[in-house]
Amino acid sequence: QVTLRESGPALVKPTQTLTLTCTFSGFSLSTSGMCVSWIRQPPGKALEWLARIDWDDDTYYSTSLKTRLTISKDTSKNQVVLTMTNMDPVDTATYYCARSTTTVTPLDYWGQGTPVTVSS
Amino acid sequence: QSVLTQPPSVSGAPGQRVTISCTGSSSNIGAGYDVHWYQQLPGTAPKLLIYDNSNRPSGVPDRFSGSKSGTSASLAITGLQAEDEADYYCQSYDSSLSGSPVFGGGTKLTVL
């Protein structure tokens, strides 16, 4: 059974760095083809893909946010970590992690999401 | 502004058929990338509904179907039920964004 769960702070201040962790089970990120993405959704708005890390450590970022994002993995802990620097109130959103089994296959399993508010 | 364009809302009475369009361009849907659809029930995470344009994951009723043609795709829901009221998102990939996933703006389905 594949599960993913996001964790991190619910509240961050402007200019701070956000660190989110995705802890998963039921698959291994060392398996060829496996990928984990981060996606966010501001309140009442659409989904926005942020970043992806692949089984072979390749990383991909949203072109509009790439200077602020870093994605990494700890295969032994079954975790993927996303950091986003210089947080702003417009970054207030629910952040999801999701799995795909190749680079162009759908996001077939999603975490429940973790809400993040950026406010002083 | 989302890369893929969806109508903000659609509605239908129970038992009716509704369709949701997803319009892209030559750098995404028109480039041959597959389209996936997700259903997001209120207060929950998105769930994969249709993959690779027209395939249903196990457990998804056959009332849901998808199609793709040219630079557009569509999701059809027949025999509309109250439990179908949700937000629906299309997703593809875009060659101008290094093949990154792109989403539509989402469509709110209201069951009258």
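Note that this is a predicted model, so its numbers are computed, not measured. (Residues numbered from 1 in each chain as written. Chains lettered and ligands numbered in written order. Predicted model: local features only at pLDDT ≥ 70, side-chain atom pairs only at ≥ 80, totals over all residues. Heavy atoms only, no water.)

Right, let's get into the overall build of chain A. In terms of helices and strands, chain A carries 0 helices and 11 strands. Along its sequence from the N terminus, chain A presents helices and strands in the succession β-β-β-β-β-β-β-β-β-β-β. The C-alpha radius of gyration computed for chain A amounts to 13 Å, which stays within 12% of the reference 14 Å derived for 120 residues, consistent with globular compactness. Expressed as lengths along the three principal axes of its C-alpha atoms, the size of chain A is roughly 40 × 25 × 25 Å. (Helix = DSSP H or I, 4+ residues; strand = E, 2+ residues; numbered from the N terminus. Rg over C-alpha atoms; globule rule 2.2 N^0.38 Å.)

Listed per partner, the contact involves 19 residues of chain B and 19 residues of chain A. When chain B packs against chain A, close to 1,400 Å² is buried across both sides, 66% of that on carbon and sulfur atoms. For the interface between chain B and chain A, the tally reads 0 salt bridges. Counting the contacts that link chain B with chain A gives 6 residue pairs in polar contact (both at pLDDT 80 or more). (Contact = heavy atoms within 4.5 Å. Buried area = accessible area lost by both parts, 1.4 Å probe. Salt bridge = Lys/Arg side-chain N within 4 Å of Asp/Glu carboxyl O. Polar contact = N/O pair within 3.5 Å; in protein donor to acceptor, adjacent residues only side chain to side chain.)

Residue and element names in this part refer to chain A. Mapped onto the elements, Thr-92 comes out in the loop between strand 8 (79-84) and strand 9 (93-100). Among the polar contacts made by the side chain of Thr-92, one reaches the main-chain amide nitrogen of Val-118 at a distance of 3.0 Å. Not counting residues within four places of it along the chain, the set of residues in contact with Thr-92 comprises Pro-42, Pro-43, Val-116, Thr-117 and Val-118.

Residue and element names in this part refer to chain A. Relative to the helices and strands, Glu-6 is located in strand 1 (residues 3-7). Arg-5 provides the closest opposite charge to the buried, unpaired Glu-6, separated from it by 7.4 Å. In terms of polar contacts, Glu-6 uses its side chain to reach the backbone amide nitrogen of Cys-97, at 2.9 Å. Within polar-contact distance, the side chain of Glu-6 engages the backbone nitrogen of Gln-112 at 3.3 Å. (Buried < 20%, exposed > 50% of the residue type's maximum accessible area, 1.4 Å probe, protein only. Lys, Arg positive; Asp, Glu negative; His and termini not counted.)

Residue and element names in this part refer to chain B. Its location among the elements puts Val-60 in the loop between strand 4 (47-50) and strand 5 (64-69). C-alpha of Val-60 to C-alpha of Ile-50: the two residues are 10 residues apart in sequence and 8.3 Å apart in space. When near neighbours in sequence (up to four residues on either side) are disregarded, Val-60 contacts Lys-47, Leu-48 and Leu-49.

All right, on to the state of the cysteines then. All names here are of chain A. On inspection of all chains with the given rule, the structure shows 2 disulfides over all chains. One disulfide in the model links Cys-22 with Cys-97; its S-S distance is 2.2 Å. On the S-S bond that ties Cys-22 to Cys-97, the torsion sits near 70 degrees, and the link is right-handed. Placement of Cys-22 in strand 3 (residues 18-25) and of Cys-97 in strand 9 is noted, with a sequence separation of 75 residues between them. (Disulfide = S-S within 2.5 Å.)

Here we take up the pairing of strand 8 of chain A. Residues and elements named next belong to chain A. Of the two faces of strand 8, only one is covered, namely that formed by Val-80, Leu-82 and Met-84; the face formed by Gln-79, Val-81 and Thr-83 stays uncovered. Strand direction decides the pairing type here: strand 3 and strand 8, joined by 6 bridges, are antiparallel. Bridge pairing links Thr-19 to Thr-83 in strand 8. Where strand 7 (residues 69-74) folds back onto strand 8 in an antiparallel hairpin, the turn is made up of 4 residues, including Asn-78, whose phi is positive at roughly 55 degrees. (Pairing = 2+ DSSP bridges.)

Moving on, we get to the nonpolar core. Ranked by internal contacts, the top residues of the largest apolar core, which has 28 residues, are Leu18(A), Trp38(A), Leu50(A), Ile71(A), Val80(A), Met87(A) and Tyr95(A). Apart from the residues within four sequence positions on either side, Leu50(A) is in contact with Trp38(A), Ile39(A), Arg40(A), Tyr60(A), Tyr61(A), Ser62(A), Leu65(A), Leu69(A), Leu82(A), Met84(A) and Tyr95(A). Counting 22 residues, the second-largest nonpolar core is a separate cluster that includes Ala73(B), Tyr88(B), Cys90(B) and Val111(B). (Core = buried A, V, L, I, M, F, W, Y, C linked by side-chain atoms within 4.5 Å.)

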